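Take a look at the letters that make up each chain.
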Amino acid sequence: MNSDGFPSGTGEHAVAISRVAERQWHAVEGDRVVGRGDVSRRPDGRMFLSIDAWVGEVFDRLADAMLADLPRPLHTVVDEADLDLTSQWERAGFAIRRREWEYLVPTDPRITGLDSAPPPEGVTIVAAGRVEEAPLRTLDRAIRDEVEATVGWQEMPAEVVPGPIVLDPSKYAVAARPDQYVGLVRLAAVTRRPRIGLVAVRSDRRRRGIARALLAHVLGALHHSGTEAASAEVNESNRAAMALFEGVGARHTSSNLELVLR
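Bear in mind the structure is a predicted one, so any value in this text is a computation, not a measurement.

> Explain the overall build of the protein chain to me, using residue names and the numbers behind them.
Regarding its fold elements, the protein chain presents six helices and twelve strands. In the protein chain, buried positions account for 42% of the 262 residues. Taking all contacts inside the protein chain whose residues are at least 6 apart in sequence as the whole, residues at least 24 apart take part in 67%. For the protein chain, the accessible area works out to roughly 13,800 Å², and carbon and sulfur atoms hold 49% of it.

> Summarise the nonpolar core; cite the residues concerned and give the values.
Counting residues in each nonpolar core, the largest one holds 27 residues, and the members touching the most others are Val 105, Leu 114, Ile 196, Ile 210, Leu 215, Leu 219 and Phe 245. At the level of secondary structure, the elements contributing two or more residues to this core comprise strand S6 (95-106), strand S8 (172-176), strand S9 (181-188), strand S10 (195-201), helix H5 (210-224), strand S11 (229-235) and helix H6 (239-246). For this core, the element with the highest residue contribution is H5, accounting for seven residues. Sequence-distant contacts of Ile 196, defined by excluding residues within four places in its chain, comprise Val 185, Arg 186, Leu 187, Leu 215, Leu 219, Ala 230, Ser 231, Ala 232 and Phe 245. By size, the runner-up hydrophobic cluster in this structure holds 24 residues, among which are Met 47, Ile 51, Met 66 and Leu 67.

> So, the pattern of salt bridges: which residues are in play, and what are the values?
Taken as a whole and assessed by the stated rule, the structure comprises 15 salt bridges. With its nearest N and O atoms 3.3 Å apart, the salt bridge here joins Glu 133 to Arg 137. Separated by four residues within a single helix, Glu 133 and Arg 137 lie in helix H4 (residues 133-149), roughly one turn from each other. The class for Glu 133 is partly exposed, based on a relative accessible area of 40%. What makes Arg 137 partly exposed here is its relative accessible area of 34%. Among the ionic pairs, Arg 141 bridges to Asp 145, the shortest N-O distance being 3.2 Å. Of the two residues, Arg 141 and Asp 145 are both situated in helix H4; the distance of four residues between them amounts to about one turn of the helix.

> Hey, could you go over the pairing of S8 for me, with residue numbers and the actual values?
Counted residue by residue, S8 has five buried out of five residues, so it is predominantly covered. Here strand S7 (residues 124-126) runs beside S8; their pairing, made up of three bridges, is antiparallel. Residue pairing in the sheet places Thr 124 in a bridge with Ala 176 of S8. With five bridges connecting them, S8 and S9 associate as antiparallel partners. The residue of S9 that forms the bridge with Ala 176 is Tyr 181. Linking S8 to S9, which pair antiparallel, is a turn of four residues.

> Got a sec to walk through the environment of Ser 237? Specific residues and values, please.
Note on placement: Ser 237 falls in the loop between S11 and H6. Sequence spacing of Ser 237 and Arg 98 is 139 residues, and the spatial spacing of their C-alpha atoms is 8.2 Å.

> I'd love a proper account of the side chain of Thr 76, names of residues and values included.
Among the structural elements, Thr 76 can be located in strand S5 (residues 74-79). Residue class for Thr 76 comes out buried when judged on its relative accessible area of 2%. Engagement of the side chain of Thr 76 in a polar contact is seen with the backbone oxygen of Leu 49, the distance being 2.7 Å.

> Quick rundown of helix H1 (residues 56-69)? Include the residues and the values.
In a regular helix each residue adds 1.5 Å, so 14 residues correspond to 20 Å; H1 covers 20 Å between its end C-alpha atoms and thus fits that length. Within H1, the full set of buried residues consists of Val 58, Phe 59, Leu 62, Ala 63, Met 66 and Leu 67. End-on view of H1: buried residues confined to an arc of 160°, all on one side of the axis. Opposite the buried face of H1, at more than 90 degrees from it, the exposed residues are Asp 64 and Ala 68.

Conventions we followed
Just so you know, the residues in each chain are numbered from 1, in the order the chain's sequence is written. Whole-chain, interface and lining totals are the exception, using all residues; otherwise, since this is a predicted model, local features are given only for residues with pLDDT of at least 70 and side-chain atom pairs are given and counted only at 80 or more. Remark: hydrogens and water are excluded; side-chain values derive from all non-hydrogen atoms of the structure. Helix and strand labels come from DSSP, where a helix needs a run of H or I of at least four residues and a strand needs a run of E of at least two; each type is numbered from the N terminus. Exposure categories follow from relative accessible area, calculated using a 1.4 Å probe and restricted to protein chains: below 20% of the type maximum is buried, above 50% is exposed, and the middle band is partly exposed. The criterion used for residue contact is that any of the two residues' heavy atoms lie within 4.5 Å. Exposure was quantified through the Shrake-Rupley algorithm and a 1.4 Å probe, taking into account, for residues, occlusion by the shown protein chains and nothing else. Buried Ala, Val, Leu, Ile, Met, Phe, Trp, Tyr and Cys residues form a nonpolar core when they are joined through side-chain atoms within 4.5 Å. What counts as a salt bridge is simple: a side-chain nitrogen of Lys or Arg found within 4 Å of a carboxyl oxygen of Asp or Glu. For two strands to pair, DSSP has to find at least two bridges joining them. Pairs of N or O atoms are called polar contacts if they sit within 3.5 Å, as long as, within protein, a hydrogen donor faces a hydrogen acceptor (for residues adjacent in sequence, only side-chain-to-side-chain pairs). Helix span, as expected, comes to 1.5 Å for every residue beyond the first. Note that the arc is defined by the directions from the helix axis to the C-beta atoms.

Given below as structure tokens:
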């Protein structure tokens, strides 16, 4: 055991690395599992690795075994504040590809300034639970096509997946014109606080205040229910999204790094 009470990986038994399932590896010392490695394939086809090991040597050996078995490119995500873990992945050959900021978003309109952010003329906000699935699916498809034609899915948050998905209208509020939906916001209920998973407006309807009106609706409803803050994640290259959230008083709380091995 080391000074922290964890297995050292340098006891009387050598550490053995084995692939125990299609997407899982174990590091075993004697009869103890002293490290685990997993790989998951995201809907856009990218493979993401994770390794849980208490000792750097065990991490390195698991990484070597996994990299020998898997095709490139490979990805992983780490908390930027975890310098040791970041260094371990860099030692395995991974390089930083992008940074995603975690924001804490206040809901109080006296802080956000969104009490005076009505939708533009001809646009109404439809609350979650009243959204119709067919026009929501049409808007979702249009936004996905625009993403694919511009930045690409590799720049989107992990939960914003390409291809057909099952839409749950109860999780969306939308901006609607008489003939179509033109913008949406998705709110995910999580244990600690609600999370704004996506704010999107059709490209031909941007810069008209629709995104602010959607945020005003969702954050106002949360404030009314007694929720003081929500969370959101934004790619640091998405300047428009960063300006939107920082403009309503959101602040950085942490950041995640996506690393890649090509």
